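Listed here are the chains, written in short residue letters.
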Amino acid sequence: MSDAQIHGYARALFEIARADGTLDEVEDELFRFARSYESSEELRNTLSDEQIPAEKRQAIIEDLLGGKATSTTTQLVSMVIGSGKARDLPAIVDVLVHRASSAKQLDVAEVRTAVPLTSDQQARLKAALENASGKTLNLKAVVDPSVVGGVVAMVGDDVFDDTVRTRIDQLKSRL
Amino acid sequence: MIAATFNLMSGEVLAAESVPNDGVGSTSLDPIWAPIEEIIIGGLASLIVFVMLYKFAWPAISKGMKDRTARIQNELDASAASRTKAEADAAGIRTSLGDVDGERSRLFAEADAQAASLLEEGRLRLTKEIEELEAKAAADIAAAAGRGADDLRVDIAHFSSRAIESSVIATLDSATQQELIESFISRIGSGQGVTS
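For clarity, every value in this text was computed on a predicted model and none was experimentally measured.

Caption draft 1: Local environment of the packing of aromatic side chains. Following the criterion strictly, the structure yields zero aromatic pairs over all chains and no others. A:Arg35 extends its terminal NZ or CZ atom over the ring of A:Phe31, reaching a point 4.7 Å from the ring centre.

Caption draft 2: Quick look at the interface of chain B and chain A. Taken together, the contact pairs 22 residues of chain B with 27 residues of chain A. Regarding the contact of chain B and chain A, the summed buried area is about 2200 Å², with carbon and sulfur atoms giving 64% of it. At the boundary of chain B with chain A, the tally comes to three salt bridges. Between A:Arg124 and B:Glu182 there is a salt bridge, with the nearest N and O atoms lying 2.7 Å from each other.

Caption draft 3: Spatial organisation of helix α6 (residues 89-103) of chain A. Taking 1.5 Å of rise per residue, the 15 residues of α6(A) would be expected to cover 21 Å, and the 21 Å separating its terminal C-alpha atoms lies within 8% of that figure. Of the residues flanking the end of α6(A), it is A:Gln105, one or two places downstream, whose phi is positive at about 60°.

Caption draft 4: How the structure looks around helix α2 (residues 36-171) of chain B. The largest bend along α2(B) reaches roughly 50° and is located at B:Ala57, with the proline B:Pro59 sitting one to four residues downstream. Within the span of α2(B), buried status applies to B:Ser62, B:Gly122, B:Ala157, B:Ser161 and B:Glu165. Of the surrounding secondary structure, the elements contacted by the buried residues of α2(B) are α8 (164-174) of chain A.

Caption draft 5: Geometry of the layout of surface pockets. All names here are of chain A. Of the pockets and cavities examined, the largest pocket occupies roughly 220 Å³. When residues of the lining of the largest pocket are traced back to their parent elements, those giving at least two are α2 (23-39) and β2 (137-143). If you tally residues by element for the lining of the largest pocket, the top one is α2, at six residues. Partitioned by chemical class, the residues of the lining of the largest pocket number five nonpolar, two polar and five charged.

Caption draft 6: Seen up close, the packing of α2(A) against helix α5 (residues 71-82) of chain A. All names here are of chain A. Put simply, α2 and α5 touch, their axes get as near as 9 Å, and they point 50° apart. Put simply, α2 runs oblique to α5. As for how α2 packs across α5, the hand of that crossing is right-handed. Only Thr72, Thr73, Leu76 and Val77 of α5 make contact with α2, whose side of the interface consists of Val26, Glu29, Leu30 and Phe33. In terms of residue class, the contact of α2 with α5 is built from five nonpolar, two polar and one charged.

Caption draft 7: Fine view of the confidence of the model for chain A. Confidence along chain A averages 89 in pLDDT terms, with 99% of residues attaining 70 or more. Looking over chain A, one finds the lowest element-wise mean pLDDT in α8(A), namely 85, and the highest in strand β3 (residues 150-155) of chain A, namely 92.

Caption draft 8: Representation of the packing of helix α7 (residues 119-133) of chain A against helix α3 (residues 174-189) of chain B. Contact geometry for α7(A) and α3(B): axes closest at 8 Å, N-to-C directions at 30°. As far as their axial angle goes, α3(B) and α7(A) are roughly parallel. Seen along the crossing, α7(A) lies across α3(B) with a hand that is left-handed. Contact with α7(A), carried on its side by A:Gln121, A:Arg124, A:Leu125, A:Ala128, A:Leu129, A:Asn131 and A:Ala132, involves B:Gln178, B:Ile181, B:Glu182, B:Phe184, B:Ile185, B:Ile188 and B:Gly189 of α3(B) and no other residues of that element. Among the residues forming the contact of α7(A) with α3(B), the class breakdown is eight nonpolar, four polar and two charged.

Caption draft 9: Region of interest: a nonpolar patch on the surface. Judged by side-chain polarity, B:Ile32, B:Trp33, B:Ile36, B:Ile39, B:Ile40, B:Ile41, B:Leu44, B:Leu47, B:Ile48, B:Val51, B:Met52 and B:Phe56 come together as a nonpolar surface patch covering roughly 1300 Å² of accessible area. Within the secondary structure, B:Val51 is located in helix α2.

Caption draft 10: The arrangement of the environment of A:Ala34 in detail. Residue and element names in this part refer to chain A. Relative to the helices and strands, Ala34 is located in helix α2. C-alpha of Ala34 to C-alpha of Val77: the two residues are 43 residues apart in sequence and 9.5 Å apart in space. In this structure Ala34 touches Pro90 and Val93, once residues within four positions along its chain are discounted.

What counts, and where the lines are drawn
Residues numbered from 1 in each chain as written. Chains lettered and ligands numbered in written order. Predicted model: local features only at pLDDT ≥ 70, side-chain atom pairs only at ≥ 80, totals over all residues. Heavy atoms only, no water. Phe/Tyr/Trp six-rings, centres within 6.5 Å; stacked < 30°, edge-to-face > 60°. Lys NZ or Arg CZ within 6 Å of the ring centre and 35° of its normal. Contact = heavy atoms within 4.5 Å. Buried area = accessible area lost by both parts, 1.4 Å probe. Salt bridge = Lys/Arg side-chain N within 4 Å of Asp/Glu carboxyl O. Helix = DSSP H or I, 4+ residues; strand = E, 2+ residues; numbered from the N terminus. Expected span 1.5 Å × (residues − 1). Bend = angle between axes of the 7 residues up to and from the residue. Buried < 20%, exposed > 50% of the residue type's maximum accessible area, 1.4 Å probe, protein only. 1 Å grid on protein atoms, 1.4 Å probe; cavity = no way out; pocket = protein on both sides within 12 Å on 5 of 7 lines; lining within 4 Å. Points joined across faces, edges and corners; volume = space filled by probe spheres on them. Nonpolar A, V, L, I, M, F, W, Y, C, P; charged D, E, K, R; others polar. Axes fitted to C-alpha atoms, helices over the stretch in contact; angles between N-to-C directions. Parallel < 35°, antiparallel > 145°, perpendicular 65-115°, else oblique. Left-handed = near helix turned anticlockwise from the far one by under 90°. pLDDT = per-residue confidence, 0-100. Patch = residues over 30% accessible without salt bridge, like charges linked within 9 Å, V, L, I, M, F, W, Y side chains within 5 Å. Areas by Shrake-Rupley, 256 points an atom, 1.4 Å probe, with all protein chains shown as cover.

Have a look at this one:
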């Protein structure tokens, strides 16, 4: 799918969520779902398999998100999957998140940890990153077991990396 | 037998005395000499024959003799020329044989020189190839040893990495995870960002 189409889908989702008055929640839920989609090969293969009827794939979305996310989020994901754009879902969501953050004069800070951050940790980390980057941030926390331990934060082009994975990789390189 | 023959001839002569003169020819009774008329006529006839022969036959005979002499001389001259030519040819052949011998010697010498040169070149080439092969073998041995050492180092690094990763992951309990997160927040907050 071209960038124009990705931006078109993202704009459509953004407008729907904003019109529904649930932009912050929908944006956050879509972001989390996109990261889960990226990290799960089985989920990617299932939702992007066009041999499986669209209705069945949408039913899987209902099962996964029903009761755990807002109905708007579930319907938006179901719409994207049903239109055969599952492979582009992460890119669409990323554009949506940046669009939403821009609308609020915020920059996106994506933070990855091996274990979930508490609300307090997220607040302190957001403040610390805003202090370091000089920007007002929209913090997006992602649980990513591949980092093993520690935290990696990406604010625009800046990367704050203090993960165990990186240290292990550096040690491997030296070895 | 001689005696019998003599008796027969004597008998015939004695018997001739009784032969009558028939008036047509003359008959001599001399056992040795012919009648004189016959001698004269015969002599004249012989003389005429000799004159005629001298007059008419001798020039042709003389010419034939001269021609024969000239022909023989020509043949002798041709033979001499042939001999001279044969001798010249023989000399040429001998010269050629001499040249052949010289050429053969030259070719043999040249072949010997070429063989010696080839032998020397071959020896040098083989020596050089042997040296190169020895150098290559030494380099291969060194490279193989290096590869072995490199492979060993790679294996050690690989297993060490896996051991380190397993060990680190095994020690990362919840408290350590929280400690790492808090440490990160503190350093970012204090301006000691870990940026890559």
